[in-house]
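For reference, the chains in residue letters:
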Amino acid sequence: MARNNTAARRRTRVGRGLQYLALSAYLVFLAFPLVWLLSTSFKPPRELVRLHPTLIPESPTLANFVQAFTEQELGRAAWNSIQVSLASALLTVLIATPASYALARFRTRLGTVALGWVLLSQLFPFVLLIIPIFLVLRQAGLANTHAGLVLIYVVWALPFALWMLQGFVRNIPRELEEAASVDGANRLQTLRRVIFPLLTPGLVATALFAFISAWNEFFFALVLIKTPELATLPVALARFVGIEGTARLGPLAAGSLLATLPSLVFFAVMQRRLASGSLAGAVKG
Amino acid sequence: MTTLAERPDVERTGQGNRSGRRRSDRTTVYLLLLPSLLPVLVLSVFPLLRGIYLGFTDARAGRNVEVSFTGLANYRELLGDSLFWSSFRIGLLWAFAVTVLQFLLALGLALLLDQRLRFRGVARVLAVVPWAMPPVVVGILWRLVYHPDAGLLNEFLHRIGADGLRTTWLGDFNTALPAVIIVGVWAGMPQTTVVLLAALQGVPRELHEAAAMDGAGAWQRFRNVTLPSLMPVIVAITSLDFIWNFNSFGLVYVLTAGGPGGRTMLPMLFAYEEAFRYGNYGYAAALGNVMVVIVVALLAVYLRRRLREAN
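The structure presented is a predicted model; accordingly, all values stated were derived computationally and were not measured.

Chemist: Give me the lowdown on the overall build of chain A, citing residues and values where you can.
Modeler: Within chain A, the regular secondary structure consists of 12 helices and zero strands. Counted from the first residue to the last, chain A has its helices and strands arranged as α-α-α-α-α-α-α-α-α-α-α-α. Relative to its 285 residues, chain A shows a buried fraction of 51%. Partitioning the contacts of chain A with sequence separation of at least 6, the portion at a separation of at least 24 is 73%.

Structure, rendered in structure tokens:
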């Protein structure tokens, strides 16, 4: 009996050890490319052309960051990206909120069709869409403009935004609405005082999703924006890769790092907002 | 329910609360849905249908080009296009390899993160970071890792004394595709991990405890308790991953742009080149149509088999 126990304990200890081994392998795989990007972005040119580069820069410098934003005009591209992504996020939430409420609260055939389309649209490669979209936008005078890009990003983000938001609406107990109407609130008041406050985490999450997908998007921006001054950050960075020499790697890494910052910040915020759980205790008994 | 209409002070917007409530409900629903439906119709449904149609025409770039219906001519041309076949083969290889590796690695990581281990906080953050990165940045990041002179990988091989293995990873005919596949796995693993982890946390603890009481080992519990309850999520996420991978573009465009010698020319890259370098809109759209049909067919087979297993 006692011997059995020690054997079992040894076995679990070995198991634990293996688990830690596996976890560290994952950490190395996930982290090292990021560490290398970080390291490259702080290296001065002469360390970058060295035959055997080191992980930690010997004389770290911020020059790459400065260079990335002055010389190559990534700064302008970043500003373009911020504008486009913010507009896309706001517009997506604005459009998706009423629709997601309707989808969650009313049973309509239209709703089913809409959701079906949403899922179906995931199947199609962009190349089927991009040519006709380009023609439509050109007819509307929106080709090669940020407004056109925003429109596409909104439509592109809508499927998942609707899917997500209507889930949030569904999670708000119907009884709360009924209670409000018993208390004499009309539908608009119910929406404003009861639904919206509870929906805030969902709205934030949807906005973040729309922001990030616009911020990261590459293909449409590459094809639709022809004027270099209007290019978004991913397109500008991709151009930068084309002209890369070893010495140019520093600014490239710095620019890439900065391009990742907004999404990281947004992810961090989103996690906290979603965890706040403003629904807890809303319905009892 | 009708009591709310009795109070005039809150009845400012109320029309038709008593009579025809159903009809006003329907109007409301349509009004609520309209702002979403309109842009989707104009910029998604219509372009898609037109895109599918373009696949049966000889549309080309340029303003006043006559477009005529050519039926299956594009597809006949595709059948004889060796570049298409090679890109198609590469695309399938890429999508399968990335999806399978992504899933296995993500499942392993999710299982680990579900345990009470140290550093799992760090791992959880790291698991999300690649997800938050723009594909273009992921491409640049891995170009730095694979860089022949200033790269992390070659330097690592030098440090462990394996100088013979150093190579130009993305420029070598043999290593380019595997190298690109690893990047695909790295970039897509986080999302799959997060989904699987969420699903794992939904598996009832009691089931595990009951199985343990019956003397089931860790592997048996995983096989008979965890896996079956994860199955719906696994089917959903692997299907989506496969579609996303098959249609992916930005990552490989930045890494290799299809090179060397077309060794990483995914179908989307091929279509992009056809459409926007050579201006063959109709031909590119035909290629898109073929891709859709293939994805649908593969998914149908996969989902049917899964459904049959579930029954």
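Chemist: Can you lay out the overall build of chain B for me, pointing to particular residues and giving the numbers?
Modeler: Scanning chain B for helices and strands turns up 12 helices and zero strands. For chain B, the N- to C-terminal ordering of α and β elements is α-α-α-α-α-α-α-α-α-α-α-α. Taking 19 Å as the expected radius of gyration for a compact globule of 311 residues, we find that chain B reaches 26 Å, considerably beyond that expectation. Referenced to the eigenvectors of the C-alpha coordinate spread, the extents of chain B come out at roughly 85 × 75 × 40 Å. Across the 311 residues that make up chain B, the buried fraction comes to 48%. For chain B, contacts bridging at least 24 residues in sequence account for 63% of all contacts bridging at least 6. By element, 62% of the accessible surface of chain B is carried by carbon and sulfur atoms, the whole surface being about 15900 Å². Separation between the mean location of the 28 positive side-chain charges and that of the 20 negative ones in chain B comes to 4 Å.

Chemist: Please provide a residue-by-residue account of the interface of chain A and chain B, values included.
Modeler: Residue-level contacts link 85 residues of chain A with 94 residues of chain B. Both sides of the chain A and chain B interface together cover about 8100 Å² of buried area, and 78% of this is carbon and sulfur. Taken together, chain A and chain B are joined by zero salt bridges. For the interface between chain A and chain B, the tally reads nine residue pairs in polar contact (both at pLDDT 80 or more).

Chemist: Just give me the short version of unusual backbone geometry, but keep the residues and values in it.
Modeler: Its identity is not glycine, yet Asn144 of chain A carries a phi of approximately 60 degrees, on the positive side. Tracing the backbone shows Asn144 of chain A in the loop between helix H6 (126–139) and helix H7 (146–171). The partly exposed category is assigned to Asn144 of chain A, whose relative accessible area is 24%. Residues other than glycine seldom take positive phi values, yet Ala257 of chain B does so here, at roughly 55 degrees.

Chemist: Give a description of the packing of helix H4 (residues 74–105) of chain A against helix H9 (residues 187–216) of chain A that names residues and reports values.
Modeler: All names here are of chain A. Where H4 contacts H9, the axes come no closer than 8 Å and their chain directions differ by 140 degrees. With respect to the hand of their crossing, H4 and H9 are arranged in right-handed fashion. Along the contact surface, H4 presents Ala78, Ser81, Ile82, Ser85, Leu86, Ser88, Ala89, Thr92, Val93, Thr97 and Tyr101, while H9 presents Arg187, Leu191, Ile195, Phe196, Leu199, Leu203, Thr206, Ala207, Ala210, Phe211, Ala214 and Trp215. In terms of residue class, the contact of H4 with H9 is made up of 16 nonpolar, six polar and one charged.

Chemist: If you had to explain the environment of Leu86 of chain A to someone new, which residues and values would you point to?
Modeler: All names here are of chain A. Locating Leu86 in the fold gives a position in helix H4. Take Leu86: its relative accessible area is 43%, and that puts it in the partly exposed class. Considering only alpha carbons, one finds Leu86 and Leu208, 122 residues apart in sequence, at a separation of 9.4 Å.

Chemist: Quick one: what's the story with the environment of Val223 of chain A, residue by residue and with numbers?
Modeler: Residue placement: Val223 of chain A occurs in helix H10 (residues 219–224). When the C-alpha atoms of Val223 of chain A and Val235 of chain A are compared, they prove to be 9.6 Å apart, with 12 residues separating the residues in sequence.

Chemist: Break down the confidence of the model for chain B for me, citing the residues and quoting the values.
Modeler: Residues and elements named next belong to chain B. In this model, chain B carries an average pLDDT of 83, and 91% of its residues clear a pLDDT of 70 or more. Ignoring residues within four places in sequence, the model shows residues 1–19, a span with pLDDT below 50, making 24 contacts including any to other chains. Taken over the whole predicted complex, pTM reads 0.81, whereas the ipTM for its chain interfaces reads 0.79.

Chemist: Describe the pattern of salt bridges, with residues and values.
Modeler: Opposite charge on two side chains lets them pair, provided their charged atoms get close. Residues and elements named next belong to chain B. Counting across every chain of the model gives two salt bridges over all chains. For the salt bridge of Arg159 with Glu155, the shortest nitrogen-to-oxygen distance reads 3.0 Å. Of the two residues, Arg159 and Glu155 both sit in helix H6 (residues 152–159), four residues apart, roughly one turn of that helix. Note on Arg159: relative accessible area 55%, which makes it exposed. According to the relative accessible area criterion, Glu155 is buried, its value standing at 5%. Of the charged contacts in the structure, one is a salt bridge between Glu273 and Arg277, with a shortest N-O distance of 3.7 Å. Residue class for Glu273 comes out buried when judged on its relative accessible area of 18%.

Chemist: Account for helix H3 (residues 63–70) of chain A, with residues named and values stated.
Modeler: All names here are of chain A. Along H3, the positions that sit buried rather than exposed are Asn64, Phe65 and Ala68. For H3, the angular spread of the buried residues around the axis is 100 degrees, confining them to a single face. Exposed and facing more than 90 degrees away from the buried side of H3 are Val66 and Thr70.

Chemist: With reference to specific residues and values, describe the packing of aromatic side chains.
Modeler: Summed over the entire model, instances satisfying the criterion amount to 27 aromatic pairs over all chains. Seen in terms of ring centroids, Phe126 of chain A and Trp156 of chain A are 5.5 Å apart; in terms of plane orientation they differ by 65 degrees. Their pairing is edge-to-face. Placement of Phe126 of chain A in helix H6 and of Trp156 of chain A in helix H7 is noted, with a sequence separation of 30 residues between them. Note on Trp156 of chain A: relative accessible area 33%, which makes it partly exposed. Considering the side-chain rings of Phe56 of chain B and Tyr75 of chain B, the 5.2 Å spacing of their centres and the 45 degrees angle between planes classify their relative orientation as tilted. On the criterion of sequence distance, the pair formed by Phe56 of chain B in the loop between helix H1 (21–54) and helix H2 (73–79) and Tyr75 of chain B in helix H2 is long-range, its members being 19 residues apart. What makes Tyr75 of chain B buried here is its relative accessible area of 16%. Through a chain of ring-to-ring contacts, the aromatic side chains of Phe126, Trp156, Phe218, Phe219 and Phe220 of chain A together with Phe249, Tyr253, Tyr272, Phe276 and Tyr281 of chain B assemble into a single cluster. In this structure, Lys43 of chain A is placed above the aromatic ring of Trp36 of chain A, and the distance from its NZ or CZ to the ring centre is 4.5 Å.

Chemist: Talk me through a nonpolar patch on the surface; I want residue IDs and the actual numbers.
Modeler: Residues and elements named next belong to chain A. A grouping of Val28, Phe32, Val35, Leu55 and Ile56 is seen on the molecular surface, where their side chains present a nonpolar patch of about 420 Å² in accessible area. Following the sequence through the fold, Ile56 ends up in the loop between helix H2 (45–48) and H3. The class of Ile56 is exposed, set by a relative accessible area of 66%.

Chemist: Could you give me a rundown of H6 of chain B, with the residues and numbers involved?
Modeler: Buried within H6 of chain B are the following residues: Leu152, Asn154, Glu155 and Leu157 of chain B. Residue Gly161 of chain B follows H6 of chain B closely and has a positive phi angle near 80 degrees.

Reading the values: the criteria
- Residues numbered from 1 in each chain as written.
- Chains lettered and ligands numbered in written order.
- Predicted model: local features only at pLDDT ≥ 70, side-chain atom pairs only at ≥ 80, totals over all residues.
- Heavy atoms only, no water.
- Helix = DSSP H or I, 4+ residues; strand = E, 2+ residues; numbered from the N terminus.
- Buried < 20%, exposed > 50% of the residue type's maximum accessible area, 1.4 Å probe, protein only.
- Contact = heavy atoms within 4.5 Å.
- Rg over C-alpha atoms; globule rule 2.2 N^0.38 Å.
- Areas by Shrake-Rupley, 256 points an atom, 1.4 Å probe, with all protein chains shown as cover.
- Lys, Arg positive; Asp, Glu negative; His and termini not counted.
- Charge placed at Lys NZ, Arg CZ, Asp CG, Glu CD.
- Buried area = accessible area lost by both parts, 1.4 Å probe.
- Salt bridge = Lys/Arg side-chain N within 4 Å of Asp/Glu carboxyl O.
- Polar contact = N/O pair within 3.5 Å; in protein donor to acceptor, adjacent residues only side chain to side chain.
- Axes fitted to C-alpha atoms, helices over the stretch in contact; angles between N-to-C directions.
- Left-handed = near helix turned anticlockwise from the far one by under 90°.
- Nonpolar A, V, L, I, M, F, W, Y, C, P; charged D, E, K, R; others polar.
- pLDDT = per-residue confidence, 0-100.
- Arc of directions from axis to C-beta.
- Phe/Tyr/Trp six-rings, centres within 6.5 Å; stacked < 30°, edge-to-face > 60°.
- Lys NZ or Arg CZ within 6 Å of the ring centre and 35° of its normal.
- Patch = residues over 30% accessible without salt bridge, like charges linked within 9 Å, V, L, I, M, F, W, Y side chains within 5 Å.

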